[in-house]
Protein chains: 2
Amino acid sequence: VPGGGGRRLTPQAPVGAIDFGGTKTSLAVVDAGGGVLRQVVLPTPPRPSPAEVAALFRAAWTDLTAGLPGHLLPRTAGLAAPGPADAAAGVLRRAFDWGWRDVPLAALAAGATGVSVRLENDVNCCALAEMRFGAAAGHPDFAWVQFSTGVGGAVVAGGRLLRGASGLAGEIGHVVLDEGGPPCPCGRRGCVEALCSGPAVARRHAQVGGRGDAAAAFRGAAAGDPRAAALVAAVCRDVGRALAIVGNLLDPGLIVLGGGVTASLRHHLPAIGAEMRSRLLAAPLRSLELRPTALGADAALLGAAALALDAPEPQER
Amino acid sequence: VPGGGGRRLTPQAPVGAIDFGGTKTSLAVVDAGGGVLRQVVLPTPPRPSPAEVAALFRAAWTDLTAGLPGHLLPRTAGLAAPGPADAAAGVLRRAFDWGWRDVPLAALAAGATGVSVRLENDVNCCALAEMRFGAAAGHPDFAWVQFSTGVGGAVVAGGRLLRGASGLAGEIGHVVLDEGGPPCPCGRRGCVEALCSGPAVARRHAQVGGRGDAAAAFRGAAAGDPRAAALVAAVCRDVGRALAIVGNLLDPGLIVLGGGVTASLRHHLPAIGAEMRSRLLAAPLRSLELRPTALGADAALLGAAALALDAPEPQER
């Protein structure tokens, strides 16, 4: 058994990780190297109450740990939370449109699992995971930008998450690129999200006569369809413009791209990087590197594990 | 005499401060509360060589310290440097168009003054000064944005400067607001600097038939000239748009505005703040506060003093 009191005298034991998402919830036992030893995935109930989530966590944790030998039983866990969070207090401030406000989710998860739980916003978790296990290993300064249903981001400076005054630092998705651009779910027009998210690319594809499918747009471009290719080129320019704002404002040295759209964008990094660098003010900024995620859809789950691995070991009771 | 070895057993002695600018260089003796005890200002020679700057510092430091009683003689100094700097190495990477590259300016200043010197980029110095003595006192998270001949900025997170991978974090000036906007000195179009700097406001004033003078534009607006008022309203919208990008991306909680144009902009903070807040994504971000500089033109000089005040006391020799 590892020594208590926050000192680690023996190799670090595995930890629990919970990626609590809007449609599904993943729980895993993860070792210190980021290896997933066991995993359970359950659907998240629609518009759940906190009590339903506690029941979900309790059932999933029981499944996850059933029959595990003692040396693999997690004694701490991390939780990737689907909204802005007060990490220090363990509180999820808001979640989707569920009407949740200031839910003490870390305490709720600790009650359901019987282990201590640290919580962090899921986008921030992705950045922590890339820093510890992925594309940003060895990079104390970098930005994470994810293109999926929405567009979000996180910033790491000096090895630490930039949280911001209200836990929302990194929100590149609603920076406006084109005042007269397409409408955005946020109510404005021309935000990065309105141009570069998966649904935005799909809508742009439909507007040029395509099937209205982001993946089909990228496939069409790869197959030589000129309209799809022109659309993808325009999307890559917009992504490059967004990343240039991050680059000029934060000088991050490295930007790691994640989210579902990155599976397609990763084939266009030279074009995206060229557009981005053409917009970076000073020569030193232009050494800014772009990399795709090394962790894919597991980034938030592994970030939850990183939270727990960074936590002091609990005292023996 | 204060105790050596980095411990402060007695009230902190005054420090030296050097604000090395493109047209003038200020040196001062500053006490721990930010009070300027004595100051010397000299013109900076045009396109100076490092040797000329060393001679300038030597002469000015001799003037500054002549006849000072021993307990007021600075034993350390800080230097606000006119370009991107490697603060840890004490190196000024570039300066204006002087052709300077990687000048070891801290060592040069130490040789000229006989005291240890810490160096930091002058924009970053302004942020340090506002945090220690000015409008950001008590705010561990805030952004500094300055509107003068150019537009620049700095970011403080958790009480520490965000330096970025190449010392250039905070460069809001060359984020593009309007792709088709006016040309910018950087070679692109529609940058924040091309719309909101002093020269940009002057040019916009000339375009609407004014005298081509930023201060006159603001005076005209205050006096009820409708063309000047419309121009100032447009400038304030552009400033608000730029600050919203900072607000969404960094969630700083507070933005302090500085630079010469702020003497005029400070009368328009409600309009600037309204435009900014209308563009901030989430409700918690919209509590973002705007304040004008509390230190005015002394910000960089007092930031240089803050550098020295934060330095460990030199050992007695």
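To be clear, the structure that these remarks concern was listed above.
Before going into details, it helps to say that this report is about the structure given with it.

Reading the values: the criteria
- What you see as residue numbers is a count from 1 along each chain, following the sequence as written.
- The order in which chains are written sets their letters, starting at A; the order in which ligands are written sets their numbers, starting at 1.
- Side-chain atom pairs in this predicted model are given and counted only at pLDDT of 80 or more, local residue features only at pLDDT of at least 70, and totals for whole chains, interfaces and linings cover all residues.
- Excluded from the side-chain calculations are hydrogens and water; all other atoms, namely the structure's heavy atoms, are used.
- Every helix listed is a DSSP run of H or I at least four residues long, and every strand listed is a run of E at least two residues long, numbered separately from the N terminus.
- Note on method: radius of gyration uses C-alpha positions; expected globular size equals 2.2 Å times residues raised to 0.38.
- Only protein chains enter the calculation, and the probe is 1.4 Å; a residue is then buried if its accessible area is under 20% of its type maximum, exposed if over 50%, and partly exposed in between.
- The criterion used for residue contact is that any of the two residues' heavy atoms lie within 4.5 Å.
- All accessible-area figures derive from a Shrake-Rupley calculation using a 1.4 Å probe, and residue coverage is judged against the displayed protein chains alone.
- Only four residue types enter the tally: Lys and Arg on the positive side, Asp and Glu on the negative side, with His and both chain ends excluded.
- Here the site of a charge means atom NZ of a Lys, CZ of an Arg, CG of an Asp or CD of a Glu.
- Joining through side-chain atoms within 4.5 Å is the link that ties buried Ala, Val, Leu, Ile, Met, Phe, Trp, Tyr and Cys residues into a set, and such a set is a nonpolar core.
- Helix span, expected: 1.5 Å multiplied by one less than the number of residues in the helix.
- The arc refers to the directions leading from the helix axis to the C-beta atoms.
- A quick way to say it: buried area is the sum, across both parts, of accessible area lost when two parts are put together, with a 1.4 Å probe.
- Each salt bridge in this description consists of a side-chain nitrogen of Lys or Arg and a carboxyl oxygen of Asp or Glu lying within 4 Å of one another.
- Any residue that is not Ala, Val, Leu, Ile, Met, Phe, Trp, Tyr, Cys, Pro, Asp, Glu, Lys or Arg is counted as polar, Gly included; the first ten are nonpolar and the last four charged.

A few points about the overall build of chain A
Inference 1: Helix and strand counts for chain A stand at 10 helices and 13 strands.
Inference 2: A compact globule built from 317 residues should have a C-alpha radius of gyration of about 20 Å, and chain A, at 20 Å, falls within 12% of that.
Inference 3: Oriented by its inertia axes, the alpha-carbon framework of chain A measures out at about 65 × 45 × 40 Å.
Inference 4: With 317 residues in all, chain A has 57% of them scored as buried.
Inference 5: Contacts in chain A between residues at least 24 apart in sequence constitute 60% of all its contacts with a sequence separation of at least 6.
Inference 6: Here chain A displays about 12,300 Å² of accessible surface, and carbon together with sulfur accounts for 54% of that area.
Inference 7: If you average the places of the 29 positive and of the 25 negative side-chain charges in chain A, the two averages end up 1 Å apart.

Observations concerning the nonpolar core
It is characteristic of soluble globular proteins that their nonpolar side chains tend to be buried jointly.
Inference 1: Counting 90 residues, the largest nonpolar core has Phe147, Leu243 and Ile255 of chain A together with Phe147, Leu243 and Ile255 of chain B as its most contacted members.
Inference 2: Once residues within four sequence positions are removed from consideration, Leu243 of chain B is found in contact with Val145, Phe147, Ile255, Leu257, Ile272, Met276 and Leu290 of chain B.
Inference 3: One finds Val15, Cys125, Phe142 and Ala304 of chain B within the second-largest nonpolar core, a separate group that totals 33 residues.

Side note on helix H1 (residues 50–65) of chain B
Residues and elements named next belong to chain B.
Inference 1: The end-to-end C-alpha distance of H1 is 22 Å, a good match for the 22 Å that 16 residues give at a rise of 1.5 Å each.
Inference 2: What H1 keeps buried is the set Val53, Ala54, Leu56, Phe57, Ala60, Trp61, Leu64 and Thr65. One side of H1 carries all its buried residues, which in axial view fall inside an arc of 160°.
Inference 3: Each element contacted by the buried residues of H1 is listed here: strand S1 (15–20), strand S2 (24–30), strand S3 (36–43), strand S4 (76–81), strand S7 (100–103) and helix H2 (105–113).
Inference 4: Two residues or fewer after H1 comes Gly67, characterised by a positive phi angle close to 75°.

What about the interface of chain B and chain A?
Inference 1: Contacts between the two partners involve 35 residues from chain B and, on the opposite side, 35 residues from chain A.
Inference 2: Buried area between chain B and chain A, summed over both chains or domains, comes out near 3,200 Å², and the portion from carbon and sulfur atoms is 63%.
Inference 3: Inspection of the region where chain B meets chain A yields four salt bridges.
Inference 4: The partner of Glu179 of chain B in a salt bridge is Arg279 of chain A, with the nearest N and O atoms 3.0 Å apart.
Inference 5: A per-element tally of the side of chain B that touches chain A places helix H7 (residues 226–250) of chain B first, with six residues.
Inference 6: Among the residues forming the side of chain B that touches chain A, the class breakdown is 19 nonpolar, eight polar and eight charged.

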